[in-house]
Amino acid sequence: QLTFDTSGMNIEDGVKLNGAPVIEKCHVISGKLSDNTNLNVKDGNIHFFSNSETANATPNIRGDASTSLNDLMAIGDTMTVTVFTPSSGSGYYANVTIDGSAPFFGPHWLNDGEPNAASANASFEIYTYSIFKTADQTFICLANRSIFIT
């Protein structure tokens with residue numbers, strides 16, 4: 001169990017971790033994104049879907065059912081959200097919403113690589129969304145899809 005002595009600590013100066021490993025929480029979802037489109041970052045920033053995708057879908061990034069991402073993030077904050085999913089050879093995610101609406105800017109895909117087809121059956125897809133809050137309810141979303149062939 002990890003504990004912190006926060007006396008005299010100013011989080012605005014950043015956090016330095018002197019130990020290893022650094023482990024990040026992964027939210028494991030039994031199902032596929034097209035049946036569970038809400039990505040609740042209060043459950044973690046990495047979302048692993050256990051079932052192969054069979055349909056196109058639009059992930060919706062939010063805090064949780066009662067908290068918007070807009071309320072969680074201050075202007076100038078950035079966040080990265082990752083979706084890991086096995087592919088069945090059909091279904092992909094060409095769009096994204098934040099709190100139920102398209103980002104003000106984006107998504108902008110790495111190297112103009114907006115997905116337009118599913119990857120091969122039995123491969124794995126990782127979607128990464130870098131989100132920057134520039135004003136109230138105003139986000140830039142930079143996106144990338146990586147395909148890992150088994």
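All figures in this text were calculated on a predicted structure; none of them were measured in a lab.

Draft legend 1. Representation of the side chain of R145 within the structure. As for its placement among the helices and strands, R145 is situated in strand 9 (residues 138-148). In terms of polar contacts, R145 uses its side chain to reach the side chain of E125, at 3.3 Å. In this view, R145 contacts Y92, W109, P115, A117, A118, S119, E125, I126 and Y127; residues no more than four positions away in its chain are not counted.

Draft legend 2. Expanded view of the side chain of S123. Mapped onto the elements of the fold, S123 is located in the loop between strand 7 (105-109) and strand 8 (124-135). A polar contact of 2.8 Å, which involves the side chain of S123, links it to the side chain of S119. Not counting chain neighbours up to four residues away, the residues in contact with S123 comprise T85, P86, S87, I147, F148, I149 and T150.

Draft legend 3. Broad picture of the sheet that holds strand 5 (residues 78-86). What the six strands build is an open sheet, ordered 1-3-5-8-9-7; its pairing is mixed. A single partner strand is all that each edge strand has here, and the edge strands are strand 1 (26-29) and strand 7. Each neighbouring strand pair of the sheet contributes to a mean axis angle of 20°, computed without reference to strand direction. The pairing of strand 5 with strand 8 spans nine bridges and is classified as antiparallel. Note that in strand 8 the partner of F84 across the bridge is I126.

Draft legend 4. Up close: the packing of aromatic side chains. For the coordinates displayed, the defined rule picks out six aromatic pairs. Plain terms: the ring middles of Y93 and Y127 are 4.8 Å apart, the flat faces sit at 45° to each other, and that makes the pair tilted. Taken together, the residues Y93 in the loop between strand 5 and strand 6 (97-98) and Y127 in strand 8 connect sequence positions 34 residues apart. With respect to class, Y93 is no different from Y127; both count as buried. Look at W109 and Y127: their rings are 6.5 Å apart centre to centre, the planes differ by 75°, and that puts the pair in the edge-to-face class. Note that W109 is positioned in strand 7 and Y127 in strand 8, a separation of 18 residues in sequence.

Draft legend 5. The nonpolar core, seen in detail. By size, the foremost hydrophobic cluster in this structure holds 24 residues, and its most contacted members are I61, L69, V83, Y129 and I131. When contributions to this core are tallied by element, the ones reaching two or more residues are strand 5, strand 8 and strand 9. Once residues within four sequence positions are removed from consideration, I61 is found in contact with L39, V41, L69, V81, V96, T97, I98, D99, Y129 and I131.

Draft legend 6. Focus on the sheet that holds strand 4 (residues 60-62). Taken together, three strands build an open sheet; the order of strands is 2-4-6 and the sheet is parallel. Looking at strand neighbours, the two that pair on one side only are strand 2 (38-40) and strand 6, the edges of this open sheet. With three bridges joining them, strand 2 and strand 4 adopt parallel strand pairing. Residue pairing across strands places L39 opposite I61, the latter belonging to strand 4.

Criteria and thresholds
- Residues numbered from 1 in each chain as written.
- Predicted model: local features only at pLDDT ≥ 70, side-chain atom pairs only at ≥ 80, totals over all residues.
- Heavy atoms only, no water.
- Helix = DSSP H or I, 4+ residues; strand = E, 2+ residues; numbered from the N terminus.
- Polar contact = N/O pair within 3.5 Å; in protein donor to acceptor, adjacent residues only side chain to side chain.
- Contact = heavy atoms within 4.5 Å.
- Pairing = 2+ DSSP bridges.
- Axes fitted to C-alpha atoms, helices over the stretch in contact; angles between N-to-C directions.
- Phe/Tyr/Trp six-rings, centres within 6.5 Å; stacked < 30°, edge-to-face > 60°.
- Buried < 20%, exposed > 50% of the residue type's maximum accessible area, 1.4 Å probe, protein only.
- Core = buried A, V, L, I, M, F, W, Y, C linked by side-chain atoms within 4.5 Å.

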